[in-house]
Amino acid sequence: MAKLIIRKYKNNNAESASYGKWFGRLVPQGTLQTDAICRHIAKHGSIYTSDVVKGVVEKFVNCFEELLLQGYKLKLEGLGTFYLSVSTKGASKAEDFTANDIKTVHVKFLADQSKQSEYTAQMLKQKAEFCTLDDLQKESKEAGKELSNP
């Protein structure tokens, strides 16, 4: 199983209650585009080739936008729910608030938290393996390889 790599960082915000403390962030391993995801799906014992999977995924993406813009929440069982939210300017009185007060629209995601889901926060933490970037660099140096710090 691959390990999730953690990069340590120090909170340098003097106004924060956590000023001076160290935290961790995941180091992304890259971004997979649609074609790569479809090839990956097709390799998992699918009877469909990656081009067929890509057609289904592209159709889903088109419908995803359409249905969100119709006001639906989209729940993919075992994965989670996608929905829209808005950021708005405030108005002094309810009757003064209009659609022109909408600043931005956001796509939100809420992971499935049912007991059957493999994507609950607890399940993911149990399944994941972590290492710090420092540990990875140390292992790499011991193996005679140099690793750059992203």
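Whatever comes next refers back to the structure up there.
Given the structure is predicted, the values throughout are model-derived calculations rather than measurements.

## What to know about the pattern of salt bridges
Next up, step 1: Applying the stated rule across the entire model yields three salt bridges.
Next up, step 2: A salt bridge links K8 to D134, with the shortest nitrogen-to-oxygen separation between them at 2.8 Å. You can see K8 sitting in strand β1 (residues 4-10) and its partner D134 sitting in helix α4 (residues 133-142), a full 126 residues away along the chain.
Next up, step 3: Exposure remark for D134: the relative accessible area of 40% places this residue in the partly exposed category.
Next up, step 4: A salt bridge links E58 to K54; its shortest N-O distance comes to 3.6 Å. Placement of both E58 and K54 in helix α2 (residues 50-69) is noted, with a separation of four residues, approximately one turn of the helix.

## Quick notes on the sheet that holds strand β3 (residues 74-76)
Next up, step 1: An order of β3-β4-β5 is seen for the three strands of this open sheet, with the pairing classed as antiparallel. Two strands close off the open sheet at either side, each with one partner strand: β3 and β5 (102-111). Averaged over neighbouring strand pairs, the angle between their axes works out to 25° when direction is ignored.
Next up, step 2: In this sheet, strand β4 (residues 80-88) lies alongside β3 in antiparallel orientation, the contact comprising three bridges. By the bridge assignment for β4, L74 is matched with F82.
Next up, step 3: Along the sheet face, α2 touches β3, β4 and β5 and points at about 50° away from the line of β4.

## Examining α2
Because an α-helix completes one turn every 3.6 residues, residues spaced three or four positions apart along the sequence face the same direction.
Next up, step 1: Along its 20 residues, α2 runs 29 Å from first to last C-alpha, staying within 8% of the 28 Å computed at 1.5 Å per residue.
Next up, step 2: Taken residue by residue, α2 has V53, F64 and L68 as its buried positions. One side of α2 carries all its buried residues, which in axial view fall inside an arc of 30°. α2 presents D51, K59 and L69 as exposed residues on the side facing more than 90 degrees away from its buried surface.
Next up, step 3: Elements in contact with the buried residues of α2: α1 (34-43), β3, β4 and β5.
Next up, step 4: At the exit of α2 stands G71, carrying a positive phi of roughly 95°.

## Quick look at a nonpolar patch on the surface
Next up, step 1: Together, F60, V61, L76, L79, F109, Y119 and L124 give the surface a local cluster of nonpolar side chains, amounting to about 580 Å² of exposed area.
Next up, step 2: Inspection of the secondary structure puts F60 in helix α2.
Next up, step 3: Owing to a relative accessible area of 37%, F60 belongs among the partly exposed residues under this scheme.

## As for α4
Next up, step 1: Every buried residue of α4 is listed here: L133, Q137 and S140. The buried residues of α4 all sit within an arc of 60° when viewed along its axis, so they share a single face. Facing away from the buried surface of α4 by more than 90 degrees, the exposed residues are K138 and E142.
Next up, step 2: Contacts made by the buried residues of α4 are with β1 and β6 (130-132).

## Quick notes on the sheet that holds strand β2 (residues 22-26)
Next up, step 1: Strand order in the open sheet formed by three strands is β2-β1-β6, and the pairing between neighbours is mixed. Of all the strands in the sheet, just β2 and β6 have a single pairing partner and so form its edges. Strand-to-strand, the axes of this sheet are offset by a mean angle of 40°, without reference to chain direction.
Next up, step 2: In terms of strand pairing, β1 meets β6 through three bridges, oriented parallel. Bridging from a neighbouring strand, L4 pairs with F130 of β6.
Next up, step 3: Running over the sheet, α4 touches β1 and β6 and is turned about 80° from β6.

Scoring rules and cut-offs
Residues numbered from 1 in each chain as written. Predicted model: local features only at pLDDT ≥ 70, side-chain atom pairs only at ≥ 80, totals over all residues. Heavy atoms only, no water. Salt bridge = Lys/Arg side-chain N within 4 Å of Asp/Glu carboxyl O. Helix = DSSP H or I, 4+ residues; strand = E, 2+ residues; numbered from the N terminus. Buried < 20%, exposed > 50% of the residue type's maximum accessible area, 1.4 Å probe, protein only. Pairing = 2+ DSSP bridges. Axes fitted to C-alpha atoms, helices over the stretch in contact; angles between N-to-C directions. Contact = heavy atoms within 4.5 Å. Expected span 1.5 Å × (residues − 1). Arc of directions from axis to C-beta. Patch = residues over 30% accessible without salt bridge, like charges linked within 9 Å, V, L, I, M, F, W, Y side chains within 5 Å. Areas by Shrake-Rupley, 256 points an atom, 1.4 Å probe, with all protein chains shown as cover.

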